Amino acid sequence: MSAFLATNTGFVLLTLAQSLALIVPLLIGVAYLTFFERKVMGAIQLRKGPNVVGPFGLGQPFADAIKMLFKETIIPTGADRVLFTIAPMLTFGLAIIAWAVIPVNNHWAIANINVGVLYLFAISSLGVYGIIIAGWASNSKYAFLGALRSAAQMVSYEVSMGFVIVTVLVCVGSLNLNDIVLAQRKIWFAIPLLPLFVIFFISGLAETNRAPFDLAEGDTEIVAGFFVEYSAMSFALFFLGEYANMILISAMTTTLFLGGWLSPIGIAPFTLIPGVVWFLLKIILCLFVFIWVRATLPRIRYDQLMSLGWKVFLPISMGYLVLVAGVLEIFGWLPNA
């Protein structure tokens, strides 16, 4: 009995250590992503960006966090207090726990399960609940309209993202994210599946409500959307959840299409760089494109958003799935065979 308890205690402590080793850098990364975004957008718009708090402005994320922490949390009259409080925690929590199956190096994942892709599907599907709950519990027409917009947008683009991921699974023959990365040792899937790579990334912009798909936060129409009534740390949790989801989508893009932790060139000195470093560099590249798009493109109309998802992305992703499945069935060809 004592040996059983010791084994279970060791397992719990190991899992806790692995979780902290992932969550703490992730939270720091989310904080500094806000700084990175403001600096990049400042450079694009010929501004300096944050440069006052600390050397080169590096203390700005901590200054923002302290300001949010000491602000008063205001709950509107008539709002559902319990759901109003739970919604931002749910949104932020789902963005964090999705990382449990993301491999940052070969077999470096908190849970290297054989159905990792299904786990990500489930978590991404639950993400819409936090937004719906926030919009309904706020007892505000603007918040409710923003929640409806966001829910319709996220559900619409999840369909095409699902077909893209299924196409990758057909090529690999496994739902394990580690196996998906290892299947790209000869060629990244971004090359043979280039149209799907583009569709997946653009759908990721829509899934995270980022420009030019930030219709849920249409300032000129519905005054910031579903979190219009939130303040202080409850608002900060929504804010951090959006940036955590940006990092998650970038990690999924890296894993599914950019070879994960694999080096781009199989010769020294590229192979001497640790896999974790390659993984982080690819994520940073994807995040840069997220920010670049925001600084470049204007917000599109809602009917254009829906038409793009249902009339363009969905037919292309379905057609490419049929094409890839047909090629594999007829010729027995795999990109890395």
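All values derive from a computational prediction rather than experimental measurement.

**Remarks on helix H11 (residues 302-331)**
Link 1 in the chain: Look at H11: 42 Å from first C-alpha to last across 30 residues, which is about the 44 Å you get at 1.5 Å a residue.
Link 2 in the chain: Maximal helix bending in H11 amounts to about 35°, located at phenylalanine 313; proline proline 315 follows within four positions.
Link 3 in the chain: Among the residues of H11, Leu305, Met306, Gly309, Phe313, Leu314, Ser317, Tyr320, Leu321, Val324 and Leu328 are the ones counted as buried.
Link 4 in the chain: Lining the buried residues of H11 we find helix H5 (141-172) and helix H7 (194-207).

**Observations regarding the confidence of the model for the protein chain**
Link 1 in the chain: Across the protein chain, the average pLDDT comes to 87, with 93% of residues at or above 70.
Link 2 in the chain: Averaged pLDDT values for the elements of the protein chain fall to 57 in helix H8 (residues 219-222) and rise to 94 in H7.

**Digging into empty space enclosed by the protein**
Empty space among the atoms becomes apparent when a probe as large as a water molecule is rolled across them.
Link 1 in the chain: This structure, assessed with the given rule, holds two cavities of 30 Å³ or more.
Link 2 in the chain: Estimated volume of the largest cavity: approximately 50 Å³.
Link 3 in the chain: Looking at the largest cavity, the residues that line it are Ile102, Val117, Leu120, Ile165, Leu177, Met252, Thr255 and Leu256.
Link 4 in the chain: Among the elements that take part in the lining of the largest cavity, helix H9 (residues 232-257) stands out by supplying three residues, more than any other.
Link 5 in the chain: Across the lining of the largest cavity, the residue classes tally to seven nonpolar, one polar and no charged.
Link 6 in the chain: Volume-wise, the second largest cavity comes out at about 40 Å³.
Link 7 in the chain: Counted by class, the lining of the second largest cavity contains six nonpolar, four polar and no charged residues.

**Some points on the side chain of glutamate 158**
Link 1 in the chain: Looking at the element boundaries, glutamate 158 is found in helix H5.
Link 2 in the chain: One buried charge, glutamate 158, has no salt-bridge partner; the nearest side chain with opposite charge is arginine 210, at 17 Å.
Link 3 in the chain: Beyond its immediate sequence surroundings of up to four residues, glutamate 158 is in contact with Ser124, Ser125 and Glu207.

**Things to note about the layout of surface pockets**
Link 1 in the chain: What the largest pocket holds in volume is close to 660 Å³.
Link 2 in the chain: Lining the largest pocket are 23 residues, and of these Leu22, Pro25, Leu26, Trp99 and Leu280 sit closest to its centre.
Link 3 in the chain: Listing elements by their share of the lining of the largest pocket, those giving two or more residues are helix H1 (2-44) and helix H10 (275-296).
Link 4 in the chain: When residues of the lining of the largest pocket are assigned to their parent elements, the largest contribution, nine residues, is made by H1.
Link 5 in the chain: Taken together, the residues of the lining of the largest pocket sort by class into 21 nonpolar, two polar and no charged.

**Notes on the nonpolar core**
For soluble globular proteins, nonpolar side chains are generally found buried alongside one another.
Link 1 in the chain: Ranked by size, the top nonpolar core spans 67 residues in total, and within it Trp99, Ile102, Leu193 and Phe257 carry the most contacts.
Link 2 in the chain: The leading source of residues in this core is H9, at 11 residues.
Link 3 in the chain: Grouped together as the second largest cluster of nonpolar side chains are 15 residues, Ala79, Ala87, Ile131 and Ala147 included.

**Thoughts on the pattern of salt bridges**
Side-chain pairs of opposite charge can arise whenever the charged atoms involved come near each other.
Link 1 in the chain: Scanning the entire structure with this criterion turns up six salt bridges.
Link 2 in the chain: One salt bridge connects arginine 210 with glutamate 242, and the closest N-O pair in it is separated by 3.2 Å. One end of the pair, arginine 210, is in the loop between H7 and H8; the other, glutamate 242, is in helix H9, and 32 residues separate them in sequence.
Link 3 in the chain: Residue classification places arginine 210 among the buried positions, given a relative accessible area of 3%.
Link 4 in the chain: Here glutamate 242 falls in the buried class, since its relative accessible area comes to 14%.
Link 5 in the chain: Across the pair aspartate 303 and arginine 301 runs a salt bridge, and its minimum N-O distance is 2.9 Å.
Link 6 in the chain: Taken together, the shared-partner salt bridges in this structure form one network comprising Glu37, Arg210, Glu242 and Arg294.

So, how was this worked out
Residues numbered from 1 in each chain as written. Predicted model: local features only at pLDDT ≥ 70, side-chain atom pairs only at ≥ 80, totals over all residues. Heavy atoms only, no water. Helix = DSSP H or I, 4+ residues; strand = E, 2+ residues; numbered from the N terminus. Expected span 1.5 Å × (residues − 1). Bend = angle between axes of the 7 residues up to and from the residue. Buried < 20%, exposed > 50% of the residue type's maximum accessible area, 1.4 Å probe, protein only. Contact = heavy atoms within 4.5 Å. pLDDT = per-residue confidence, 0-100. 1 Å grid on protein atoms, 1.4 Å probe; cavity = no way out; pocket = protein on both sides within 12 Å on 5 of 7 lines; lining within 4 Å. Points joined across faces, edges and corners; volume = space filled by probe spheres on them. Nonpolar A, V, L, I, M, F, W, Y, C, P; charged D, E, K, R; others polar. Lys, Arg positive; Asp, Glu negative; His and termini not counted. Salt bridge = Lys/Arg side-chain N within 4 Å of Asp/Glu carboxyl O. Core = buried A, V, L, I, M, F, W, Y, C linked by side-chain atoms within 4.5 Å.

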